[in-house]
Amino acid sequence: MAIIIFIVLAIVTVYIPDDEENADKEKNELVGTDTVNGIMPIGLDDRLPKDTKEHLVVSQPLEENPYDELNELIGLESVKEEVITLANFVKVQQQRKEQGLKTPKMSYHLVFTGSPGTGKTTVARIVARIYKDLGILKKGHTVETDRSGLVAEYMGQTAIKTNAIVDSALNGVLFIDEAYSLVPEDGKGHDYGQEAISTLLKRMEDDRDKLVVIIAGYTNEMKRFIDSNPGLQSRFNRYINFPDYTPEELRDIFKMYLRKNQYTVSADAEHYLTVRLDSAVRHKDKNFGNARYVRNVFEKAISQQANRLATMKNYTKEQLSELTVSDLSKAFN
């Protein structure tokens, strides 16, 4: 048995970060992706049904400087500026308080708006660690979930699920992706999402000194969500918009995947990549995945390279590393 375990552990696979959203990883360079390094909180495993666990990710704070990681992210210049401004404001208010000066009542909860794959989850994780650095949060971990993790199928269970997830997020950040899905678009009919909202709002008040909530989703849908409830309006008043990536930024993200996984592209393949990303951005729709789209292309490209090389018996290091126009073409198609 020990030999079998050793063999399993020895298997080496290509490192491709998983999905929020950007990665917890090796220096958070995977901007725009929503990767996970989830660890189920101690004691929570027995309290939540399987369907909830599948929609819950816990990211423990890393040791690196969160401000450095924020600055190293590809693109997102306006987002970086907003986060640094928030951190600076908190620092100054803390100094004012220590000097006996008046300070405004602050809410640390945030609304992240923007398209999929624009780095919202990654920045939420960095914000959690900045809040820890500022002394706002003791742990600085991030619990990531969505409607499926909060809303139950039967009456009376939603509050239990929501409370359990909030418990796991205490002294850290609760990140709720696509939060607008908690409120039906037509606003009609009975929906347990309202019960989740009510439970969440109560916990935000009861645990206001040890819970920060960041909600995220499409811009218009998030406005509808906030406007649907006065309690949400009063608690969420700071918005940060995440712009879509430019073709140049998407190309930089693709190159980052190449670098991290020890791949290269031929000169003509790099030109082809530029042309296809330009076209993808010009013809994108609301559901365009931004960095997720690039990640998917990369994953498909290295799979196509494997198919191309499969008939060969001997490989050079260059052949094993290089992606060609053919690989990219099939990946994009």
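Look up a bit, the structure's there.
Residues numbered from 1 in each chain as written. Predicted model: local features only at pLDDT ≥ 70, side-chain atom pairs only at ≥ 80, totals over all residues. Heavy atoms only, no water.

A. Local environment of empty space enclosed by the protein. Estimates place the volume of the largest cavity at around 50 Å³. Lining the largest cavity are Val83, Leu86, Ala87, Leu110, Val127, Ile130, Tyr131, Leu134 and Ile240. When contributions to the lining of the largest cavity are tallied by element, the ones reaching two or more residues are helix 4 (77–98) and helix 5 (120–134). The leading source of residues in the lining of the largest cavity is helix 5, at four residues. Grouping the amino acids of the lining of the largest cavity by side-chain chemistry returns nine nonpolar, no polar and no charged. (1 Å grid on protein atoms, 1.4 Å probe; cavity = no way out; pocket = protein on both sides within 12 Å on 5 of 7 lines; lining within 4 Å. Points joined across faces, edges and corners; volume = space filled by probe spheres on them. Helix = DSSP H or I, 4+ residues; strand = E, 2+ residues; numbered from the N terminus. Nonpolar A, V, L, I, M, F, W, Y, C, P; charged D, E, K, R; others polar.)

B. Local environment of the pairing of strand 5 (residues 211–217). Counting buried residues along strand 5, seven of its seven residues qualify, which places the element largely inside the surrounding structure. Alignment of strand 2 (residues 110–114) against strand 5, held across four bridges, turns out to be parallel. Paired with Val111 across the strands is Ile215, a residue of strand 5. Across six bridges, strand 4 (residues 172–177) lies against strand 5 in parallel orientation. (Buried < 20%, exposed > 50% of the residue type's maximum accessible area, 1.4 Å probe, protein only. Pairing = 2+ DSSP bridges.)

C. Region of interest: helix 4. Between its terminal C-alpha atoms helix 4 stretches 32 Å, which fits the 32 Å expected from 22 residues at 1.5 Å a residue. Taken as a whole, helix 4 has its buried residues at Val79, Lys80, Val83, Leu86, Ala87, Val90 and Gln93. Buried residues in helix 4, looked at end-on, bunch into an arc of 165°, giving them a common side. For helix 4, the exposed residues lying more than 90 degrees away from the buried face are Glu77 and Glu81. Downstream of helix 4 by one or two residues, Gly100 has phi in the positive range, about 80°. (Expected span 1.5 Å × (residues − 1). Arc of directions from axis to C-beta.)

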